[in-house]
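Examination of the molecular architecture
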Amino acid sequence: TRESDGGVSNTQSPESFALWLEGGFESGASYGLGAQFQSRGTGDTDDQLGFAFGLAQAFPFSEDREASLMFEGVYFPSFDGAAESAFYGTVGAEVPVGPVDLTMLYSLRDIEGAPNDQAATISAGFGIIDDLSAEIGYVYTRDGGEYAHTVGAVLTYEFGLPME
């Protein structure tokens, strides 16, 4: 892109940054805290400033398996080079049910002056044989007033490559 194209962080020199801190607690919970600043570009009225927070907790679910819960949120007091604020939030869970891992997520995008966008996902993943697994899932989305239903599948084979 050219500087004249505009947009946050599309500036003549490095003027933007992001910071991220990760940590954990003795309970096994983990967290992430972040901040970012993107300098306004040509045609923008504001810089973009954002703050992020995430929290995840795994806990014993059965004799040899764990379930986990997570939350993450991002708030922008000035979003995408404009004066409008925005919030992105996601909550989710992964729960083992027999040989299957069920994953459920809900996401919300709320930009000031625009319709809320949402997505809800449920998927089931399971091992087939050593290093071969499959996952099937369903996603419901509402994006800009448009609704969609999507079903998908992924087949994954993991193989080791020397990384030395």
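How each quantity is defined
Residues numbered from 1 in each chain as written. Predicted model: local features only at pLDDT ≥ 70, side-chain atom pairs only at ≥ 80, totals over all residues. Heavy atoms only, no water. Helix = DSSP H or I, 4+ residues; strand = E, 2+ residues; numbered from the N terminus. Rg over C-alpha atoms; globule rule 2.2 N^0.38 Å. Contact = heavy atoms within 4.5 Å. Lys, Arg positive; Asp, Glu negative; His and termini not counted. Charge placed at Lys NZ, Arg CZ, Asp CG, Glu CD. Buried < 20%, exposed > 50% of the residue type's maximum accessible area, 1.4 Å probe, protein only. Pairing = 2+ DSSP bridges. Salt bridge = Lys/Arg side-chain N within 4 Å of Asp/Glu carboxyl O. Polar contact = N/O pair within 3.5 Å; in protein donor to acceptor, adjacent residues only side chain to side chain. Axes fitted to C-alpha atoms, helices over the stretch in contact; angles between N-to-C directions.

Attention now goes to the overall build of the protein chain. Scanning the protein chain for helices and strands turns up zero helices and nine strands. Helices (α) and strands (β) of the protein chain occur, in sequence order from the N terminus, as β-β-β-β-β-β-β-β-β. The C-alpha atoms of the protein chain give a radius of gyration of 20 Å, which is well past the 15 Å a tight globule of 164 residues would have. With the C-alpha coordinates of the protein chain rotated into their principal frame, the extents come out at 55 × 40 × 35 Å. Within the protein chain, contacts between residues at least 6 apart in sequence are counted, and of these 32% link residues at least 24 apart. Computed over 5 positive and 26 negative side-chain charges, the inter-centroid distance for the protein chain is 10 Å.

Summarising burial for strand E1 (residues 17–24): zero of the eight residues are buried, a small minority. Both E1 and strand E2 (residues 30–38) contribute to a ladder of eight bridges, which runs antiparallel. Note on E2: the bridge partner recorded for Leu21 is Leu33.

The next point concerns the environment of Ala35. On the secondary structure map, Ala35 appears in strand E2. Residue classification places Ala35 among the partly exposed residues on the basis of a relative accessible area of 25%. Sequence spacing of Ala35 and Glu112 is 77 residues, and the spatial spacing of their C-alpha atoms is 20 Å. If near-sequence neighbours (up to four positions away) are discounted, Ala35 is found in contact with Phe17, Ala18, Leu19, Gly50 and Phe51.

This next bit is on unusual backbone geometry. Positive phi, close to 65°, is recorded for Asp131, a residue that is not glycine. With respect to the element layout, Asp131 can be found in the loop between strand E7 (117–129) and strand E8 (132–143).

A few words on the environment of Leu155. Note on placement: Leu155 falls in strand E9 (residues 146–157). A relative accessible area of 60% places Leu155 in the exposed class.

Secondary-structure assignment places Gly32 in strand E2. Setting aside chain neighbours within four positions, we find Gly32 in contact with Trp20, Leu21, Glu22, Ala52, Phe53 and Gly54.

Take the pattern of salt bridges next. One pass over the full model with this rule turns up three salt bridges. Arg109 serves as the salt-bridge partner of Asp117, at 2.5 Å between the closest nitrogen and oxygen. Residue classification places Asp117 among the buried positions, given a relative accessible area of 11%. On the basis of relative accessibility, which here comes to 27%, the residue Arg109 falls in the partly exposed class. A salt bridge links Asp143 to Arg109; the shortest N-O distance between them is 3.0 Å. Taken as a pair, Asp143 in strand E8 and Arg109 in strand E6 (residues 100–111) lie far apart in primary sequence, 34 residues in all. When salt bridges that share partners are traced, they join Arg109, Asp117 and Asp143 into one network.

Topologically, Ser123 is positioned in strand E7. Among the residues examined, Ser123 registers a relative accessible area of 10% and is labelled buried. For Ser123, the side chain forms a polar contact with the side chain of Glu135, separated by 2.8 Å. Leaving out residues up to four positions away in the same chain, Ser123 has contacts with Asp101, Leu102, Thr103, Glu135, Ile136 and Gly137.

Strand order across the open sheet formed by nine strands is E1-E2-E3-E4-E5-E6-E7-E8-E9, with antiparallel pairing between neighbours. Two strands in the sheet have a free side with no partner beyond their single neighbour: E1 and E9. Ignoring which end each strand starts from, the neighbouring axes of this sheet average 10° apart. Bridge count for strand E3 (residues 48–60) against strand E4 (residues 66–78) is eleven bridges, and the pairing is antiparallel. Within the sheet, the bridge partner assigned to Ala58 lies in E4 and is Ser68.

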